[in-house]
Amino acid sequence: MSIPGLGQIPVQAAVSSTRTISLRPAWEWRFQVSPGSSLVVKVLAGTAEKDGVELALRNAYTFSGVRSKILTWHGCELEIEGRCDSDSVAEYLNPIANPATSHINLHARLSDMRVDATRQRREGPRVLVVGPPNSGKTTLAKTLTSYATRQGYQVITVNANPRDGMLSLPGTLSASVFATVMDPEAVDGWGSTPTSGPSTVPVKLPMVFHYGWESAEEDEDLYRELVGRLAGAVSARLSEDEEVRGSGVIVDGIGVSGDGQIGMELTAHVMDEFSSKSLPWNIREINIVVVIGPASLHKEFSNRFANEKTSLGEPIQVVSIDESDGVLPRDEALSQHSREAIIKEYFFGDAKRTLSPQIQQVDFDSLVIYKLADYSPDEKQSLVLEEPSSLMQHWTFAVMNASVRDSPDVIRAANVMGFVYVADVDEDRRKIKILAPVSGRLGDKPLIWGKWPEPYINLLG
Ligand SMILES: Nc1ncnc2c1ncn2[C@@H]1O[C@H](COP(=O)(O)OP(=O)(O)OP(=O)(O)O)[C@@H](O)[C@H]1O
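Just so we're clear, the structure is a prediction, and the values are computed from it rather than from any experiment. (Residues numbered from 1 in each chain as written. Predicted model: local features only at pLDDT ≥ 70, side-chain atom pairs only at ≥ 80, totals over all residues. Heavy atoms only, no water.)

**Student:** Break down the UniProt feature "binding site: ATP" (unreviewed entry) in the protein chain for me, with residues and values.
**Tutor:** Summarizing the sequence annotation, UniProt attributes the feature "binding site: ATP" (unreviewed entry) to Glu28, Arg67, Asn134, Ser135, Gly136, Lys137, Thr138 and Thr139 in the numbering used throughout. When residues no more than four places from it in sequence are discounted, the contact partners of glutamate 28 are Leu23, Lys69, Ile70, Leu71, Ser88, Val89, Ala90, Asn98 and Ala100. Only 2.9 Å separates the side chain of glutamate 28 from the side chain of arginine 30, close enough to count as a polar contact. Inspection of the secondary structure assignment puts threonine 138 in helix α2 (residues 137–150). For threonine 138, a relative accessible area of 26% translates into the label partly exposed. (UniProt positions renumbered as here; feature names shortened; annotations may be inferred. Contact = heavy atoms within 4.5 Å. Polar contact = N/O pair within 3.5 Å; in protein donor to acceptor, adjacent residues only side chain to side chain. Helix = DSSP H or I, 4+ residues; strand = E, 2+ residues; numbered from the N terminus. Buried < 20%, exposed > 50% of the residue type's maximum accessible area, 1.4 Å probe, protein only.)

**Student:** Which residues make up the pairing of strand β16 (residues 249–255), and what are the values?
**Tutor:** Two faces belong to every sheet, and in a regular strand the side chains alternate between them. Extensive coverage of β16 is indicated by the burial of 6 of its 7 residues. As defined by bridge partners, strand β13 (residues 155–159) adjoins β16 across 4 bridges and the pair is classed as parallel. Note that in β16 the partner of threonine 157 across the bridge is isoleucine 250. (Pairing = 2+ DSSP bridges.)

**Student:** So, the sheet that holds strand β15 (residues 207–210): which residues are in play, and what are the values?
**Tutor:** Ordered by their spatial adjacency, 7 strands build an open sheet running β15-β14-β13-β16-β12-β17-β18, and the pairing between neighbours is mixed. The strands lining the two open edges of the sheet, one partner per strand, are β15 and β18 (317–321). Within the sheet, the average angular offset between the axes of one strand and its neighbour, ignoring direction, is 15°. Along the sheet, helix α5 (residues 264–273) contacts β12 (126–131), β16 and β17 (288–292); its crossing angle with β12, the most-contacted strand, is approximately 170°. (Axes fitted to C-alpha atoms, helices over the stretch in contact; angles between N-to-C directions.)

**Student:** An account of the pattern of salt bridges is requested, with residue identities and associated values reported.
**Tutor:** Inspection of the entire model under this criterion finds 26 salt bridges. Ionic pairing is found between aspartate 51 and lysine 69, a salt bridge with its closest N-O pair at 3.3 Å. Taken together, the positions of aspartate 51 in the loop between β6 (49–50) and β7 (53–54) and lysine 69 in strand β9 (residues 66–71) put the pair 18 residues apart, joining distant regions of the chain. There is no split in this pair, since aspartate 51 and lysine 69 are both buried. We note a salt bridge from glutamate 220 to arginine 224, for which the minimum N-O separation is 3.6 Å. Taken together, the positions of glutamate 220 and arginine 224, both in helix α3 (residues 220–240) and 4 residues apart, correspond to about one turn of that helix. A relative accessible area of 27% places glutamate 220 in the partly exposed class. Judged by relative accessible area, arginine 224 falls into the partly exposed class, the value being 27%. One continuous salt-bridge network, built from bridges that share partners, spans Arg163, Asp164, Glu214, Arg330, Glu332, Arg339 and Glu454. (Salt bridge = Lys/Arg side-chain N within 4 Å of Asp/Glu carboxyl O.)

**Student:** Explain the sheet that holds strand β3 (residues 18–23) to me, and be specific about the residues and the numbers.
**Tutor:** With antiparallel pairing, 4 strands are arranged side by side in an open sheet as β3-β10-β5-β8. Of all strands in the sheet, those with a lone pairing partner are β3 and β8 (61–63), marking the two edges. For this sheet, the mean angle separating the axes of adjacent strands, direction not counted, is 30°. Two elements, strand β5 (residues 39–46) and β8, share 3 bridges in a ladder whose sense is antiparallel.

**Student:** Residues and numbers for α3, please.
**Tutor:** For α3, which comprises 21 residues, the first-to-last C-alpha distance of 30 Å matches the rise-based estimate of 30 Å (1.5 Å per residue) to within 8%. For α3, the full list of buried residues reads Leu222, Tyr223, Leu226, Val227, Gly228, Leu230, Ala231, Gly232, Val234, Ser235 and Leu238. (Expected span 1.5 Å × (residues − 1).)

**Student:** Please provide a residue-by-residue account of the packing of aromatic side chains, values included.
**Tutor:** All chains considered together, the criterion is met by 10 aromatic pairs. On the basis of an interplanar angle of 75° and a centroid distance of 5.7 Å, the ring pair of tyrosine 211 and tyrosine 223 is categorised as edge-to-face. Of this pair, tyrosine 211 sits in the loop between β15 and α3 while tyrosine 223 is found in helix α3, placing the two residues 12 residues apart along the sequence. Given a relative accessible area of 0%, tyrosine 211 falls into the buried group. Ring-pair connections join several aromatic residues into one group, and the members of that group are Tyr346, Phe347, Phe419 and Tyr421. Above the ring of tyrosine 153, the side-chain terminus of arginine 114 is found at 5.6 Å from the ring centroid. (Phe/Tyr/Trp six-rings, centres within 6.5 Å; stacked < 30°, edge-to-face > 60°. Lys NZ or Arg CZ within 6 Å of the ring centre and 35° of its normal.)

**Student:** Report on the domain arrangement of the protein chain, specifying residues and quantitative values.
**Tutor:** Under the domain assignment used here, the protein chain contains domain 1 (18–93), domain 2 (98–321) and domain 3 (357–449). Computed over C-alpha atoms only, the centres of domain 2 and domain 3 are separated by 30 Å. Contact residues are listed per partner, giving 19 residues for domain 2 and 20 residues for domain 3. Between domain 2 and domain 3 lies a buried interface of about 1400 Å² when both sides are counted; carbon and sulfur atoms form 61% of it. Scanning the region where domain 2 abuts domain 3 turns up 1 salt bridge. Across the salt bridge formed by glutamate 225 and arginine 412, the nearest N and O atoms sit 2.4 Å from each other. Residue assignment for the side of domain 2 that touches domain 3 shows that the elements contributing at least two residues are β15 and α3. (Domains from an automatic or database assignment. Buried area = accessible area lost by both parts, 1.4 Å probe.)

Structural data, given as structure tokens:
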């Protein structure tokens, strides 16, 4: 390239960025790759897994906008092509020193319980994963789910943390049966959100509820109500499907502060909701609480549940797991990019499958839009009708599985049919341009404008 007066700007010579890494048993290769770049990883020899998902030999896996790790139990050789923001190899002299060993031991215990449960045609283990924010809860929930799937079990995994979505957009609570492999390349590590296009990894169909806030504390009443709905959906599925019943449930919980002061009550509520007390079916209680992190938190949970039993008379087991030193403090920019990528992928697909969303221009009057009201403990009403305005530009709305004639209470507790994106609002002409994954009339279903995920992208720009 030449700029007048400046002469030639040196262009960095292209160098091959392909390298190989050898890992010994129980070692991990940890990496972070920014959303702008991509990294292609192949397992050349041995065996390796990402969050419990086994990577096929010589298959090219592309990662972008993620921070994660590849772990080997028997040793492997990896080929890595592309540039990482950072990477390192975690070496352990003894496999027991890697907290991942306790993950596999926990899985073995759950697996034994599933064998017994399936034989006796009763419920398999119901596990809740808790820990401080950013301690590896989701990674553990994914790993346990994946190990169960690899053994042919069909667990129901629940995301009770609205900050990140599971098979859905952030701001939602969801549950899904995992009967097939997860997608290791997916930005959120679970898999793509269900869309209309073909997929190399079988698509999961989650039950999704719209919470619309980043943290469970922001509207506790709504959070409690939706967790109750989610528990009801899970319970219904357990009662009607024997295979799922024997496999059990894994709940990825919300962050709890190290001293148990923040998040403990809501966590106890999640446990209550998954209990027979509130449901017509019997014995759906959480019977294993996995606490990641400080001993103080483990003690707090052990004390709290020491004398409680499930309705089957089982004690509630509180299991402690060390936090891996690979889990670093949250990188806000990376998380924001990952949320953005998930929204983009929902509408446009990814490198493997391109989707063609529909753009519709509709009159203001043809849509029924509710906005999440600011939380007030004295005011139950959390939805208020809202006239379209330019403030809505670039926000994603949930399309609710309800009628526009339903009351706000019914609408807020309905499950989510899908999402639309507000591309443009013309206040003068009273027209709103909406992007939707499929064509169809929008006016029949109420839309909810939440507070999370926040808008930061112009999808059409
Ligand atoms: N051993 C590891 N090596 C490298 N990165 C890891 C490791 N374990 C987890 N991570 C990464 O650390 C990040 C945080 O982990 P994770 O999302 O599981 O924590 P969390 O407790 O669920 O967080 P939150 O409270 O925000 O939900 C993720 O990007 C995850 O992929």
